[in-house]
Amino acid sequence: LPVAQGALVIDAVLEGGQKIVLGHAYQLRGKIQLAAKHFKEAANDFERARKYITLDDESVGGLALNAALQRDESEKGISYCLDFLQMRKDQPADERVKKVQEYLETICTVPDDMSIEQVRKKQPVLSTLVSVAPGMFAAQLALGQVFIRMNEWRQAEGPLEAACKLQPNNPP
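Keep in mind the model is a prediction, meaning the values are calculated, not measured. (Residues numbered from 1 in each chain as written. Predicted model: local features only at pLDDT ≥ 70, side-chain atom pairs only at ≥ 80, totals over all residues. Heavy atoms only, no water.)

Peer 1: I would appreciate a short explanation of the overall build of the protein chain in the present structure.
Peer 2: Counting its secondary structure elements, the protein chain contains eight helices and two strands. Its helices and strands taken in sequence order, the protein chain reads β-β-α-α-α-α-α-α-α-α from the N to the C terminus. Dimensions of the protein chain, computed from the C-alpha atoms along their principal axes, are close to 55 × 40 × 30 Å. Counting over 172 residues, the protein chain shows a buried share of 37%. In the protein chain, once contacts between residues fewer than 6 apart in sequence are set aside, the share between residues at least 24 apart is 49%. (Helix = DSSP H or I, 4+ residues; strand = E, 2+ residues; numbered from the N terminus. Buried < 20%, exposed > 50% of the residue type's maximum accessible area, 1.4 Å probe, protein only. Contact = heavy atoms within 4.5 Å.)

Listed below in structure tokens is the structure:
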């Protein structure tokens, strides 16, 4: 079998049903890693599983909760959180959903007493959140506020206009 960066490349020799079985095996191993609190390994297994299957909300929820608890502001961490909330949107909010929602809300908070240094650090994180979830009013509003605090008025226009379109009866 061909080898890529120390790992076997098995896609070429597996057929459809076999790939699905492999996806479920990776997902199961990821769940075991999550239970053992080996979050990096779990994330790797879930990413492998995603190549073959759609992850269940338990798997995505574990990744999202870990991202929230670790305050992971990377695109991938934010994406896990948003994917999980999307999966659970029609179900009652459990503890994981509440923690993930609270985490995303903290990202979208720009208090008046925040130093300009902190504001500058928040800008790329909010830009990532807006790119992953352009329909998130709080993220658009917070990004506009950050640009205003940084005296980048022209850059503030886009997110503030987007916020106004998302909630026309709740202008910034």
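Peer 1: How should the packing of helix α2 (residues 39-50) against helix α4 (residues 75-87) be read in this particular structure?
Peer 2: Think of two packed helices as two axes; the pair is described by the angle between the axes and how far apart they sit. Two elements in contact, α2 and α4, have axes separated by 14 Å at closest approach and are oriented at 65°. Taken as a pair, α2 and α4 cross one another with a handedness that is left-handed. In this structure, α2 contributes A43, E47 and R50 to the contact, and α4 contributes K76, Y80 and D83. (Axes fitted to C-alpha atoms, helices over the stretch in contact; angles between N-to-C directions. Left-handed = near helix turned anticlockwise from the far one by under 90°.)

Peer 1: Can you walk me through the nonpolar core in this structure?
Peer 2: The nonpolar side chains of a soluble globular protein tend to be buried, and buried together. Core analysis: the biggest nonpolar cluster contains 46 residues, and C81, F84, V100, L104, I107, L126 and L129 have the highest contact counts within it. Put simply, the parts of the chain that give this core at least two residues each are α1 (16-35), α2, α3 (57-69), α4, α5 (95-107), α6 (116-132), α7 (137-149) and α8 (153-166). Sort the elements by how many residues they give to this core and α7 lands first, with seven residues. With near-sequence residues (within four places) excluded, V100 lies in contact with A64, L65, A68, C81, F84 and L85. (Core = buried A, V, L, I, M, F, W, Y, C linked by side-chain atoms within 4.5 Å.)

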